[in-house]
Amino acid sequence: MTTATAPTPVRRHRAGIRRGQTAAGYLFTAPAVIVLAVFLVIPIFMALWVSFSDWGGHGSPFSPDVHFIGLKNYAGITSGGGLAEQDFGTSLRNNLWFVIVVVPTQTVIALALAVLVNNRILKGRGFFRTAFYFPSVTSSVAITVLWFFLFNPTGAVNQLLGAIGLHGPNWPADANGVLHNLLALVGVQNGPAFLVNGGFLGVSWWDWLSGPSVGMMIIITMVVFTTSGTFMLLFIAALQNLSQEVEEAAMVDGASAWQRFRLVTLPQLRTTLFTVLTLGLIGTWQVFDQVFVGSQGDPGKTTLTPAYLSYVAGFGNNQWGEAAAIAFILFAIIVAFTLLQRWVLRERGVSNRRMRREGFGRAGDGTYRPAGERLLDAAAIAARPGGGGTL
């Protein structure tokens, strides 16, 4: 005769503990979730509704007087054929050139500064790190005012150019594109007919290819100067976490400093490089305060950006639906560029052709082994007493 054993309460006790931990976790995270929902998630959905409505900025956007108008606000700035479309196209052109110039420049400078101040033989590394990072913590309003003062027609920049025999431009008032100015030096004043007559978003292809204006170069140099120090810190943190064994092995193999940096150090910085480029893309597509304080879109709307245009459309012209539409198009552009960048910087395997070009041959098990003289050298090492092992 068998006796029934009482079920052990261990599992129920553990399940009760887990339920208690789950409840405590929800309790501790609830304040942060509520704050994010009230001040971030809900406003985003409200702005999305405004972009599809005719709300004029008075009263609640959910009142009965506000009507759903579909994609009318989006169509007005992308295919309306009027000033709104032309301004939006101009702002996109300006911001695109801003991104093309600023993001690579600030990334290269930040990486170069990080490598420099991370060098052990450099004396006073703490001082240089502080000096390079200091512009990043300076008020953007203050540094914008100072920067435009330096670049005014009689400012320090033109004084320095005059000292070496160059005549500096009237930076804040020069709306000419940099690339157009370079073409003018070789006698090209007007573009071909298919570039001048064709266009996108109310802007001709010839103007799309104008490059950043001379006035925009003030903001470009200022942003590079103020952001390179921040990204330098990210690169320094990454460099200090790299293993030195691989670089020392490369030094033993006779690799030069440039080869060690390009083939050993830089591949290990892929994650940090992606972070820096992503933050750079987001920041440059959202540039606003420098334009608001320094130029307000002048000269000739060549410093107009989508973020500033959205502000003007909403707070200046009470076109809140159009302003919200510009903001969400800008959000889509940022997401698209981020995904493209992620695809470009993804991990890639080494192709068979490159392995053969580097002197490796495929072994019987499908793996690649050193070929030719490298294989003989490896075999000689393996055959030595104590060399231990086979290829």
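About the thresholds
Residues numbered from 1 in each chain as written. Predicted model: local features only at pLDDT ≥ 70, side-chain atom pairs only at ≥ 80, totals over all residues. Heavy atoms only, no water. Helix = DSSP H or I, 4+ residues; strand = E, 2+ residues; numbered from the N terminus. Buried < 20%, exposed > 50% of the residue type's maximum accessible area, 1.4 Å probe, protein only. Contact = heavy atoms within 4.5 Å. Areas by Shrake-Rupley, 256 points an atom, 1.4 Å probe, with all protein chains shown as cover. Phe/Tyr/Trp six-rings, centres within 6.5 Å; stacked < 30°, edge-to-face > 60°. Core = buried A, V, L, I, M, F, W, Y, C linked by side-chain atoms within 4.5 Å. Arc of directions from axis to C-beta. Salt bridge = Lys/Arg side-chain N within 4 Å of Asp/Glu carboxyl O. Polar contact = N/O pair within 3.5 Å; in protein donor to acceptor, adjacent residues only side chain to side chain.

Participant: What should I look at first to understand the overall build of the protein chain in this one?
Facilitator: If you tally the helices and strands in the protein chain, you get 18 helices and four strands. In the protein chain, which comprises 391 residues, the share counted as buried stands at 31%. Long-range contacts, defined as pairs at least 24 residues apart, comprise 63% of the intrachain contacts of the protein chain with a sequence gap of at least 6. As presented, the protein chain carries roughly 24,200 Å² of accessible surface, and 65% of it is formed by carbon and sulfur atoms.

Participant: Is there a simple way to think about the packing of aromatic side chains in this case?
Facilitator: Each aromatic ring pair is characterised by the separation of its centres together with the angle its planes make. Counted under the stated rule, the structure contains 21 aromatic pairs. With a centroid separation of 5.5 Å and 85° between ring planes, the pair formed by F292 and Y311 is classed as edge-to-face. Within this pair, whereas F292 is found in helix α14 (residues 289-295), its partner Y311 is found in helix α15 (residues 306-316), the two being separated by 19 residues in sequence. What links up through ring pairs into an aromatic cluster is the set W55, F288, F292, Y308, Y311, F315 and W320.

Participant: I'm lost on the side chain of Q290 in this one. Help?
Facilitator: Considering the arrangement of structural elements, one finds Q290 in helix α14. For Q290, a relative accessible area of 13% puts it in the buried group. The residues touching Q290, leaving out its near neighbours within four places in the chain, are T144, I219, M222, V223 and S295.

Participant: What exactly am I supposed to notice about the nonpolar core here?
Facilitator: Nonpolar side chains tend toward joint burial in soluble globular proteins. If you look at the biggest cluster of nonpolar residues, it comprises 41 residues, and the most contacted ones within it are F88, L92, F98, I219 and W285. At the level of secondary structure, the elements contributing two or more residues to this core comprise α2 (72-78), α3 (83-117), α5 (140-150), α10 (214-240), α13 (270-285), α15 and α16 (320-344). Apart from the residues lying within four places of it in its own chain, the contact partners of W285 are L92, N95, L96, V99, L330, I333, I334 and F337. Among the nonpolar cores identified, the runner-up in size contains 15 residues, and L111, V117, M232 and I236 belong to it.

Participant: So what exactly am I meant to see when it comes to α5 here?
Facilitator: Structural remark: α-helix, 3.6 residues per turn; residues separated by three or four positions point the same way. All of the buried residues along α5 are I143, T144, W147 and F148. Seen from one end, α5 has its buried residues packed into an arc of 135°, which puts them on one side. Opposite the buried face of α5, by more than 90 degrees, sit the exposed residues V145 and F149.

Participant: Sorry, what's going on with the pattern of salt bridges here?
Facilitator: Pairs can form between side chains of opposite charge whenever their charged atoms are close. Applying the stated criterion across every chain, the model contains one salt bridge. Between K301 and D87 there is a salt bridge; the shortest N-O distance is 2.8 Å. Linking K301 in the loop between α14 and α15 with D87 in helix α3, this pair joins segments that are 214 residues apart in sequence.

Participant: Teacher, can you tell me more about the side chain of S295 here?
Facilitator: The residue S295 is located in helix α14 in this model. Classification of S295 by relative accessible area gives buried; the value is 10%. In terms of polar contacts, S295 uses its side chain to reach the side chain of T303, at 2.7 Å. With residues up to four places along the chain from it excluded, the contact list for S295 reads F148, I219, Q290 and T303.

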